[in-house]
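Chain and residue survey
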Amino acid sequence: MNSFKNKAKSFLNGYYYPLLIFLTALMAHTFSLELLGAAIFFITATAGFIFCEDLKFLISPLIMFILMFSQKSVASGIFFTKPYLIAMVCCAIYIIALFFAHFIIYKKLINFKSFLKSKLFLGYILISVAFLLNGFLNFDEYSFGNIVFALALIGSFGVVFLIFNINLNSENLVKYLFFVLYLVSLLVTLELFFSFFNQIRIVNGEIVKESILLGWGMWNNVGGMLSFLLPIHFYYASTTKKFGFLFYGSGILSYLAIVLTLSRSSLLVSSLIIVACAIIGCFCGENKKINRIITASVAIIGCVGIIVLWEKISGILGDYIARGFDDNGRFEIYKKGFKNFLSNPIFGGGFCSVDAQEHQFISFLPDRYHNTIIQLLGACGIVGLSAYLFHRYQTIKLLWQKRSLSVVFAFLCILSLLLTSMLDNHFFNIYPGFIYTLILVTIEKSSCEK
């Protein structure tokens, strides 16, 4: 029994388990086998809660679970039927029970003091309280949805921070998380490319933007996720001695995938991020010489390719040209948000008071303002923005104190999320919060080389 337990723990805490989760999610999404994928997720997670002393094993299924849901299954409406909703509630109760069982089994190894001593503790508490108080004084328009959405945000930020902070004790956490995030980026890239065969439409040589639906997200969600994780490729390109050039290539592939999402905010931010990554790779890390050669070659080939193939490129990416720098109604939405703030300056009008009249991919989510600052002011008021700014101060301070090459690339990931969220809803899309919080927790808990 001890031999089996040790082998199971070694597998679940190692690098093969995230690879299994990656392949499971890709299979489930490609062939719409979400039930089989969920079964594998739950069975292996159950073993992890029983055999593993900390929650390192949970990182990959937590992040990749949502990414296995395909557009075919979501569009069918099967997940919104009564039997499936009951099943989801039962699964949620089952996972919560596993958490309690895990804490009971390994109570001597769980460090609640680490949560209180964390340099991010107060910021997470304040921003969670601010979310909960959204629209507090706007009683005429107060909605139960305000509480529901606030709890969802608190779950993706505060609860994830709590459970991983008190029970994540393994070595080389940043290295392990980067490996998982690299797989996540590959997963989203492959899902997008595979969708061109059975989902995404091309009419008269032009990609139909509205057909870029992967089930778990639409074009902006896909582009935002890829932009968020783009620096991970270049971290490996800068630190992997023998095969760094392969990771540089996968980074370029990920950038091309961002271009194909037709998400202008993601393209704008990822273009700035990839330039920063390339510069860092040329002057820091293990592969400075080869990275300089690749960067120069890619720049030359890219410029020549754009000139020679401009007609075909402009046809395929016609949506970019047609929209140009049009604000797509963003400025009007921002005005509504600021007006909402002026009417309810202390706690905001509440999350459900937003009237953005946006195309809502997930119908039960409230409208949002496509800008983090406007969203905080309009929905949570001065209290929300103040809590966010304090949280931001704590994160910058932590990253500066832990500065290293790995932390620089982690910072670029967070920066990419924050910049795209100034033009979109990514910071308030629930699941990016898991990754964002895990990056901060693992950096704080790791002893990074300076």
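Residue positions are given per chain, counting from 1 as you read along its sequence in written order. Residue-level local features of this predicted model are given only where pLDDT is at least 70; pairs of side-chain atoms are given and counted only at 80 or more, and the full residue set underlies all totals for whole chains, interfaces and linings. Side-chain numbers here rest on the full set of heavy atoms in the structure, without hydrogens or water.

1. A closer look at the nonpolar core
Throughout, nonpolar core names a set of buried Ala, Val, Leu, Ile, Met, Phe, Trp, Tyr and Cys residues whose side chains join them through atoms within 4.5 Å. Relative accessibility thresholds used throughout: buried, under 20% of the residue-type maximum; exposed, over 50%; partly exposed, between the two (1.4 Å probe, protein chains only). Counting 121 residues, the largest nonpolar core has F131, F164, F228, F351, Y436 and I439 as the members making the most contacts within it. No other element matches helix α10 (residues 173-198), which puts 13 residues into this core. Residues count as neighbours in contact if any of their non-hydrogen atoms are within 4.5 Å of one another. Beyond its immediate stretch of four places on either side in the chain, F351 contacts F131, N134, N146, F149, A150, L153, P366, D367, Q375, A379, C380 and F428. By size, the runner-up hydrophobic cluster in this structure holds five residues, among which are I333, Y334, V354 and Y369. By the criteria applied, helices consist of DSSP H or I runs no shorter than four residues and strands consist of E runs no shorter than two, each listed in order from the N terminus.

2. Remarks on the environment of A152
Tracing the backbone shows A152 in helix α9 (residues 144-166). According to the relative accessible area criterion, A152 is partly exposed, its value standing at 29%. Taking the C-alpha atoms as reference points, A152 and K107, 45 residues apart in sequence, are found 27 Å from one another.

3. Description of the packing of α9 against helix α20 (residues 431-445)
Axis definition: a line fitted to C-alpha atoms, limited for helices to the stretch in contact. Angles are taken between N-to-C directions and run from 0 to 180 degrees. At a minimum axis distance of 9 Å, the contact between α9 and α20 shows a crossing angle of 30 degrees. The pairing of α9 with α20 is recorded here as roughly parallel in orientation. The element α9 and its partner α20 pack so that their crossing is right-handed. On α20, the residues that touch G155, S156, F157, V160, F161, F164 and N165 of α9 are G433, F434, Y436, T437, L438, V441, E444 and K445. The scheme is simple: roughly parallel for angles under 35 degrees, roughly antiparallel for over 145, roughly perpendicular for 65 to 115, oblique for anything else. Less than a right angle of anticlockwise turn of the near helix away from the far helix marks a crossing as left-handed, whereas a clockwise turn marks it as right-handed.

4. Details of the packing of aromatic side chains
The pairing test for Phe, Tyr and Trp rings, Trp by its six-membered ring, is centres within 6.5 Å, and the orientation test on the planes gives stacked under 30 degrees, edge-to-face over 60, and tilted for anything in between. Taken as a whole and judged by the stated rule, the model has 36 aromatic pairs. Each ring, one from Y124 and one from F161, has its centre 4.3 Å from the other, and the planes form 10 degrees; the classification is stacked. Here Y124, found in helix α8 (residues 121-132), pairs with F161, found in helix α9; they are 37 residues apart in sequence, far enough to count as distant. For Y124, a relative accessible area of 2% corresponds to the buried category. F161 gets classed as buried once you look at its relative accessible area, which sits at 0%. One aromatic cluster in this structure is built from F131, F149, F157, F351, Y388, F427, F428 and Y436. In this scheme, Lys NZ or Arg CZ marks a charge over a ring once it lies within 6 Å of the ring centre and within 35 degrees of the ring normal. Directly above the ring of Y176 sits K56, whose terminal nitrogen or CZ lies 4.4 Å from the centroid. Over the ring of W400 we find R403; its NZ or CZ atom is 4.3 Å from the centre of that ring.

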